[in-house]
Amino acid sequence: MDADPKELSCARYRVVFKAREPLDLPGYLGSTLRGAFGHAFRTVACPAPRGLECPAPAQCPYHLIFETSPPPGSEALRTHDEIPRPFVIAPGDSEQGSGEQTRRMFRCGDEVSFELVLIGRAQEFFPYFVVALREVNRIGRGRQAVELQRIDALGASADRSRVVYTASENLVCGSAESISIEQCSGEAPQGPLTIEFLTQTRLKHEGRFVRTPEFHILFRRLLGRLSSLSRFHCGAPLEADFRALIDKAMSIRLLQDDTRWTTWQRYSSRQDRRMAWEGIVGLAIYEGDLGPFWKFLRFGQIAHVGHGATFGLGMYRIFCEK
């Protein structure tokens, strides 16, 4: 069943490319894939030639997805740079996002895959995403050749999938089910909760990125991201008592912190320079009444948390003791 268009929701896909030649790529592919996709999406979705102003930004799929503008009179997030993009590109090998400066080699014919999450109204633009992905034929700074092979629709669990596009047929056959935040409700665990930060997670608090993932900091950043996604990409504010939730989050105790600090270098084509990003990966164990936070934490596993979520950073998984 489709979710209410004004309810925070998302859809998940697995995108599979094939290497058309040997590839030498960064160890973490999120930024590389995001850059290649962004260029292709603008080419197929924006009516303005590159370098010229779009004549219809309010109806242009590229501007709605990549450069969302706040509505007139909005008091929250006044520029499009502050508004989170309504999609996530998460490479399949999440452990590569730990910050180590490695390289990945692919042979001709190898698969290069990632998870694509479309949030809110971005789900309506799935056909544009397919066309843009079909146009991505080179990735990386060396512009190495790849070819879209197929797209699978995923359910709430990634082990449930069905093919919705193949290159051989070049036809979109359906879309993924919409997963709402309310569908992520349920009974929270009574015992300690383990959160594993699978890719570098950048949690900013009081003007700096933190090295210790106190629960209230993690939840503030998650709630802020989900609230912005709901407001700007679902057309309605997130239904939550923000003050009460944050007050309750202060009572959740960090029992054990097995995270580590990492540094990751990424190249920004927009700024034409390399940038050093820092954040945490690893395990943290929390204790307390997690009921009020449960649906947000579960939905956040799909939507990610913190800076760089669009290209797969801030991926985490939650585990409960039986």
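Residues numbered from 1 in each chain as written. Predicted model: local features only at pLDDT ≥ 70, side-chain atom pairs only at ≥ 80, totals over all residues. Heavy atoms only, no water.

Looking now at the overall build of the chain. Along the chain, the regular secondary structure elements total six helices and 15 strands. By sequence separation, contacts in the chain at least 24 residues apart represent 73% of the contacts at least 6 residues apart. Of the roughly 15,500 Å² of accessible surface on the chain, 46% is carried by carbon and sulfur atoms. (Helix = DSSP H or I, 4+ residues; strand = E, 2+ residues; numbered from the N terminus. Contact = heavy atoms within 4.5 Å. Areas by Shrake-Rupley, 256 points an atom, 1.4 Å probe, with all protein chains shown as cover.)

One non-glycine residue, asparagine 170, adopts positive backbone phi at about 50°. Structurally, asparagine 170 can be placed in the loop between β8 (161–166) and β9 (179–180). The exposure class assigned to asparagine 170 is partly exposed, which follows from its relative accessible area of 39%. Its identity is not glycine, yet histidine 304 carries a phi of approximately 70°, on the positive side. Structurally, histidine 304 is set in the loop between α6 (294–303) and β15 (316–320). Residue histidine 304 is classed as buried on the basis of its relative accessible area, which comes to 2%. (Buried < 20%, exposed > 50% of the residue type's maximum accessible area, 1.4 Å probe, protein only.)

Leu226 and Leu297 are the most contacted members of the largest nonpolar core, which has 45 residues in total. Going through the elements one at a time, β3 (87–91), β5 (111–119), β10 (193–201), α4 (215–233), α5 (242–249), β14 (273–287), α6 and β15 are the ones with two or more residues in this core. Tallying contributions element by element places α4 first for this core, with eight residues. The next biggest cluster of nonpolar side chains, apart from the first, holds 44 residues, and it includes Phe66, Phe87, Ala132 and Ile139. (Core = buried A, V, L, I, M, F, W, Y, C linked by side-chain atoms within 4.5 Å.)

Further remarks concern the packing of aromatic side chains. Counted by the stated rule, this structure contains 21 aromatic pairs. Centroid distance phenylalanine 37 to phenylalanine 129: 5.3 Å. Interplanar angle 15°. Geometry classified as stacked. Of this pair, phenylalanine 37 sits in helix α1 (residues 30–45) while phenylalanine 129 sits in helix α3 (residues 126–135), and the two are 92 residues apart along the sequence. Phenylalanine 129 shares its class with phenylalanine 37; the two are buried. An aromatic cluster of at least three residues, connected via ring pairs, comprises Phe37, Phe41, Tyr62, Phe66, Phe87 and Phe129. (Phe/Tyr/Trp six-rings, centres within 6.5 Å; stacked < 30°, edge-to-face > 60°.)

What follows covers the pairing of β5. β5 sits mainly inside the fold: seven of its nine residues count as buried. Taken together, the nine bridges between strand β1 (residues 9–19) and β5 define a ladder with antiparallel strand orientation. Across the sheet, alanine 11 pairs through a bridge with leucine 118, a residue of β5. Relative to β5, β3 runs antiparallel, the two being bridged by five bridges. Note on β5: the bridge partner recorded for alanine 90 is glutamate 115. (Pairing = 2+ DSSP bridges.)

As a further point, take the environment of glutamine 123. Topologically, glutamine 123 is positioned in the loop between β5 and α3. Considered as a pair, glutamine 123 and alanine 176 are 53 residues apart in the sequence and their alpha carbons are 8.8 Å apart. In this view, glutamine 123 contacts Ser9, Cys10, Ala11, Leu118 and Ser178; residues no more than four positions away in its chain are not counted. Within the structure, glutamine 123 has its side chain in polar contact with the backbone oxygen of glycine 120 (distance 3.0 Å). (Polar contact = N/O pair within 3.5 Å; in protein donor to acceptor, adjacent residues only side chain to side chain.)

Moving on to the side chain of lysine 295. Relative to the assigned elements, lysine 295 resides in helix α6. In this structure the side chain of lysine 295 is engaged in a polar contact, spanning 2.6 Å, whose partner is the side chain of glutamate 182. In contact with lysine 295, not counting residues within four places along its chain, are Ile181, Glu182, Cys184 and Ser185.

Glancing now at the packing of α1 against α3. Helix packing geometry: the angle between the two helix axes and the distance between the axes. Two elements in contact, α1 and α3, have axes whose closest approach is 8 Å; the angle formed by their N-to-C orientations is 115°. Taken as a pair, α1 and α3 cross one another with a handedness that is right-handed. Contact residues: α1 offers Phe37, Ala40, Phe41, Val44 and Ala45, while α3 offers Tyr128, Phe129, Val131, Ala132, Leu133 and Glu135. (Axes fitted to C-alpha atoms, helices over the stretch in contact; angles between N-to-C directions. Left-handed = near helix turned anticlockwise from the far one by under 90°.)

A word on the pattern of salt bridges. Enumeration over the complete set of coordinates arrives at nine salt bridges. Note that arginine 107 is salt-bridged to aspartate 110, the shortest N-O span being 3.7 Å. The salt bridge partner of glutamate 177 is arginine 160, with a shortest N-O separation of 3.3 Å. Taken together, the residues span a long stretch of sequence, with glutamate 177 in the loop between β8 and β9 and arginine 160 in the loop between β7 (144–154) and β8 at a distance of 17 residues. In the salt-bridge network here, residues are joined through shared partners; they are Arg14, Glu111, Arg150 and Asp152. (Salt bridge = Lys/Arg side-chain N within 4 Å of Asp/Glu carboxyl O.)

Let us look at the environment of arginine 225. Along the chain, the position of arginine 225 falls in helix α4. Residues arginine 225 and glycine 300, 75 residues apart in the sequence, show an inter-C-alpha distance of 9.2 Å. Among all residues touching arginine 225, those that are not within four sequence positions of it are Pro84, Val88, Ile119, Ala303, His304, Val305 and Ala309. Polar side-chain contacts of arginine 225 include one of 3.2 Å to the backbone oxygen of histidine 304.

On their own, these measurements won't tell you what the molecule is for.
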